[in-house]
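Below are the chains, spelled out letter by letter.
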Amino acid sequence: MQRRQFLATLPAACALGALPRAHAQGKALTPLKFTLDFRVTGQTGPFFLAQQKGYYRDEGLDVTIDVGAGSVASITRVASGAYQLGLGDMSALIEFAAQYPGAPKVQAVYQYYNRAPFVIIGRKDRGITTDFASLKGKKVAAAAVESTRRAWPMVARQLGLPPGHFAWTTTEFSARDNVMVRGDVDAATYFHDSAVSLFARMKPQDLSVLRYTDAGVNLYGNAILAASSLIAERPEVVAAFLRASNRALVESLADPAAAMAATLQREPILEEKVESARWAITAEYVAAPDTRRDGLGDVRPQLLAQQVDQVAQTLDLKVRPQPEALFNRSLLPAQAARMAKAWGGPAPCPAFFCPPNRAWMSATAATCARPFPSQTGPANAATVRSARSSSRPTAH
């Protein structure tokens, strides 16, 4: 059976049949399966905090959190009914909705990453600076199919650069740090918060970080996804999950230590200092400046519509999904509950790399605390370059 036909014929009961209604006194919990987009790291610490502190149980839920295999897999898991909820990239959801037009099978219900953490990290000894123009003619490592690589044409268009500004070197994710350290390539694509592994092996002051947001490419990243059947038939269950998750996220932004402890309880092989550093970068993108006005978890319709246009143009989509079909804000917690407490920027990254990498602390802490440039609309190349030269630290 074709995948399209399979998804189209799945009964709603596949996602809902095993969901008993929670008892009024909380004695019977509603089981929910939630898939991450990837493995367990500090990036998703708030979900483990909500689980450890019993926030899901307080809402009448028995939540199982499983590791994922990428955003496409997360979306497919939710669409197929194997999971009721998941974490997946908004651009991937746009592509999925274009491939399967009609009534949406999956919708985003809470925007976790207010901005996608897409960056290219380059070696300064190869002449790479924080200006994307410095990548001309360089070799940039990336996996064959990954979000940062696929979004590059958006940056090129925004800055007036040719799509072939540099040469791609296709590399497995697991080998990306190695080719950077050995100098086989001049730069590599990363999710910014996944680059802590590279920062542990190379002096950050020897690296330049080129953020897609600095080029005026304002993409929403990973969002909490829900099966449309669950939204329609059990909206109170989705709302309960969002309240508990949001509660933990607000706490994690104010004091990440408990969330990192909960993450390590789930995956003891992780190192607390590494995951704390990872979360400090994640927090930049989760609590980006828009959230100070809109609160966590929400989107701005005009920016989402702009992202749909960008993704459709870049991937040559035949159908452009409507923003309201992609993001369902009806079940968001109240805005007052979604405001980060005492916002002053993400907490500084911890000083944990011993010599010779001790400089990582000052270089990366400055980056973690640095605000995003204005995100009210697209920036032109001259504005981006001016902002970078005046506000960005040269050591990263």
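Here the residue index of a chain counts from 1 through its sequence in written order. Owing to the predicted nature of the model, reporting of local features is limited to residues with pLDDT of at least 70; listing and counting of side-chain atom pairs is limited to 80 or more, with chain, interface and lining totals taken over all residues. Side-chain figures throughout are based on the complete set of non-hydrogen atoms in the structure, without hydrogens or water.

Notes on the packing of helix 6 (residues 90-99) against helix 15 (residues 301-315)
Thinking step 1. The axes used here are C-alpha line fits, helices contributing only the stretch in contact, and every angle between their N-to-C directions lies in the interval 0 to 180 degrees. Only runs of H or I of at least four residues qualify as helices and only runs of E of at least two qualify as strands under DSSP, and these elements are numbered from the N terminus. It is the contact of helix 6 with helix 15, at a shortest axis distance of 10 Å, that shows an interaxial angle of 65°. Here helix 6 lies roughly perpendicular to helix 15, going by the angle between them. Crossing geometry of helix 6 relative to helix 15 is assigned as right-handed. Mapping the contact onto sequence places Met-90, Ser-91, Ile-94 and Glu-95 in helix 6 and Leu-304, Gln-307, Val-308, Val-311 and Leu-315 in helix 15.
Thinking step 2. Under this grouping Gly is polar, as are all residues other than the nonpolar Ala, Val, Leu, Ile, Met, Phe, Trp, Tyr, Cys and Pro and the charged Asp, Glu, Lys and Arg. Of the residues contributing to the contact of helix 6 with helix 15, the split by class is six nonpolar, two polar and one charged. Any angle between 65 and 115 degrees counts as roughly perpendicular, while under 35 counts as roughly parallel, over 145 as roughly antiparallel, and the rest as oblique. Handedness of a crossing is defined here by the sense of rotation of the near helix relative to the far one, left-handed for an anticlockwise turn of less than a right angle and right-handed for a clockwise turn. Contacts: residue pairs with any heavy atoms within 4.5 Å of one another.

Points about the packing of aromatic side chains
Thinking step 1. Whether two aromatic rings pair depends on their centres lying within 6.5 Å, for rings of Phe, Tyr and Trp, where Trp uses its six-membered ring; planes under 30 degrees apart make the pair stacked, over 60 edge-to-face, and the rest tilted. Counted by the stated rule, this structure contains 12 aromatic pairs.
Thinking step 2. A centroid spacing of 5.0 Å and a plane angle of 5° characterise the contact between Tyr-56 and Phe-241, whose relative ring orientation is stacked. Of this pair, Tyr-56 sits in helix 4 (residues 55-58) while Phe-241 is found in helix 11 (residues 235-254), placing the two residues 185 residues apart along the sequence.
Thinking step 3. With a relative accessible area of 2%, Tyr-56 lands in the buried category.
Thinking step 4. Three exposure classes are used, based on accessible area relative to the maximum for each residue type with a 1.4 Å probe and protein chains only: buried under 20%, partly exposed in between, and exposed over 50%. What makes Phe-241 buried here is its relative accessible area of 0%.
Thinking step 5. With 4.8 Å between their ring centres and 80° between their planes, Phe-166 and Trp-168 make a pair best called edge-to-face.
Thinking step 6. Residue classification places Phe-166 among the buried residues on the basis of a relative accessible area of 6%.
Thinking step 7. The rings of Phe-118, Phe-132, Trp-152, Phe-166, Trp-168, Phe-191 and Tyr-212 are connected pair by pair, giving a single aromatic cluster.
Thinking step 8. Lying across the ring of Tyr-190, Arg-176 places its NZ or CZ 4.1 Å from the centre.
Thinking step 9. Only when the NZ of Lys or the CZ of Arg is both within 6 Å of the ring centre and within 35 degrees of the ring normal is a charge said to sit over the ring. The ring of Tyr-55 carries Arg-247 above its face, with NZ or CZ at 3.7 Å from the centroid.

Description of the pattern of salt bridges
Thinking step 1. Criterion for a salt bridge: a side-chain nitrogen of Lys or Arg within 4 Å of a carboxyl oxygen of Asp or Glu. Using the criterion set out here, one finds 17 salt bridges in the structure.
Thinking step 2. One salt bridge connects Arg-123 with Asp-125, and the closest N-O pair in it is separated by 2.8 Å.
Thinking step 3. Residue Arg-123 is classed as buried on the basis of its relative accessible area of 11%.
Thinking step 4. A salt bridge links Arg-293 to Asp-294, with the nearest nitrogen and oxygen atoms 3.0 Å apart.
Thinking step 5. Overlapping salt bridges, with partners in common, bring together Arg-115, Asp-290, Arg-293, Asp-294 and Arg-300 in one network.

Examining the sheet that holds strand 8 (residues 187-191)
Thinking step 1. Pairing between strands is defined by DSSP: at least two bridges between the two strands are required. Reading across from one edge, 7-6-8-5-9 is the order of the five strands in this open sheet, with mixed pairing throughout. In this open sheet, the two edge strands, each paired with only one partner strand, are strand 7 (167-170) and strand 9 (207-211). Averaged over all pairs of adjacent strands, the angle between strand axes in this sheet comes to 30°, irrespective of strand direction.
Thinking step 2. Across five bridges, strand 5 (residues 118-123) lies against strand 9 in antiparallel orientation. Across the sheet, Gly-122 pairs through a bridge with Ser-208, a residue of strand 9.

Some thoughts on the pairing of strand 3 (residues 85-89)
Thinking step 1. Burial runs high along strand 3: five of the five residues are buried.
Thinking step 2. Across the two faces of strand 3 the burial is the same, with Leu-85, Leu-87 and Asp-89 and Gly-86 and Gly-88 all buried.
Thinking step 3. Where strand 1 (residues 30-35) and strand 3 come together, two bridges link them in parallel fashion. Along strand 3, the bridge assignment pairs Thr-35 with Gly-86.
Thinking step 4. In this structure, strand 3 lies alongside strand 10 (residues 222-227), joined through five bridges in antiparallel fashion. Paired with Leu-87 across the strands is Ile-224, a residue of strand 10.

Observations regarding the side chain of Thr-148
Thinking step 1. Tracing the backbone through its elements, the reader meets Thr-148 in helix 7 (residues 147-159).
Thinking step 2. Looking at Thr-148, the relative accessible area reads 0%, which means it is buried.
Thinking step 3. Contact partners of Thr-148, with chain neighbours within four places excluded, come to Phe-118, Val-119, Thr-189, Tyr-190, Phe-191 and Tyr-212.

Let's talk about helix 13 (residues 272-286)
Thinking step 1. With 15 residues, helix 13 should cover 21 Å at 1.5 Å per step; its first-to-last C-alpha distance of 20 Å lies within 8% of that length.
Thinking step 2. In terms of residue burial, helix 13 counts as a mostly covered element, since 13 of its 15 residues are buried. A helix's residues, less one, multiplied by 1.5 Å, set its expected span.

Things to note about the environment of Gly-88
Thinking step 1. When you line up the elements, Gly-88 lands in strand 3.
Thinking step 2. The exposure class of Gly-88 is buried, given its relative accessible area of 0%.
Thinking step 3. Between the C-alpha atom of Gly-88 and that of Ile-224, which follows or precedes it by 136 residues, the distance is 6.7 Å.
Thinking step 4. The contacts of Gly-88, once residues within four sequence positions are left out, are Ser-71, Gly-221, Asn-222, Ala-223 and Leu-225.

Points about the nonpolar core
Thinking step 1. If you look at the biggest cluster of nonpolar residues, it comprises 112 residues, and the most contacted ones within it are Phe-34, Ile-121, Phe-132 and Phe-241.
Thinking step 2. With residues near it in sequence (within four places) discarded, Phe-241 still touches Leu-32, Phe-34, Phe-47, Tyr-56, Leu-61, Val-63, Leu-85 and Ile-224. Put simply, buried Ala, Val, Leu, Ile, Met, Phe, Trp, Tyr and Cys residues joined by side-chain atoms within 4.5 Å make one nonpolar core.

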